Amino acid sequence: MSNYDDASTYSTASGNNGLQYVVLQVTLKEKFLGTGSGNLSALEDVINAQAAKGYRLHTISTASAQSGGFLGGDRIQATMVFEKL
């Protein structure tokens, strides 16, 4: 079951040795006040963690969705493909 309270959610698949490519997703939440992402550092953390494991960012794509709930805010789903160096 998904935990929607988390600032971001992502796979930890790159912990497995021998994978040539790893696909990770990070959910970015819009700030309550103002514009922009409230947790852009989560995206940066994922990219830096994969770089430390010997992967480079190969491809990134995003999809956005609006949340209809009270104080829900918009969400951006970033899907990233990392390639082993």
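A brief report on the enclosed structure follows. In this text, all values refer to a predicted model and were calculated from it rather than measured experimentally.

Turning our eyes to something else, we now look at the environment of T27. As for its placement among the helices and strands, T27 is situated in strand β1 (residues 21-29). There is a polar contact of 2.8 Å between the side chain of T27 and the side chain of Q77.

By size, the foremost hydrophobic cluster in this structure holds 11 residues: V22, L24, V26, L28, A42, L43, V46, Y55, A78, M80 and F82. Contributing elements (two or more residues each) for this core: β1, α1 (40-52) and β3 (75-84). Broken down by element, the residue count for this core peaks at 4 residues, all from β1.

Another point: α1. If you check α1, its first and last C-alpha atoms are 19 Å apart, about what 13 residues at 1.5 Å a residue would give, namely 18 Å. Buried residues of α1: A42, L43, V46 and Q50, and no others. Angular distribution of buried residues about the axis of α1 spans 105°; they occupy a single face of the element. The inward-facing, buried residues of α1 abut β1, β2 (55-65) and β3. The positive-phi residue at the C-terminal boundary of α1 is G54, with phi of around 95°.

Reading the values: the criteria
Residues numbered from 1 in each chain as written. Predicted model: local features only at pLDDT ≥ 70, side-chain atom pairs only at ≥ 80, totals over all residues. Heavy atoms only, no water. Helix = DSSP H or I, 4+ residues; strand = E, 2+ residues; numbered from the N terminus. Polar contact = N/O pair within 3.5 Å; in protein donor to acceptor, adjacent residues only side chain to side chain. Core = buried A, V, L, I, M, F, W, Y, C linked by side-chain atoms within 4.5 Å. Buried < 20%, exposed > 50% of the residue type's maximum accessible area, 1.4 Å probe, protein only. Expected span 1.5 Å × (residues − 1). Arc of directions from axis to C-beta. Contact = heavy atoms within 4.5 Å.

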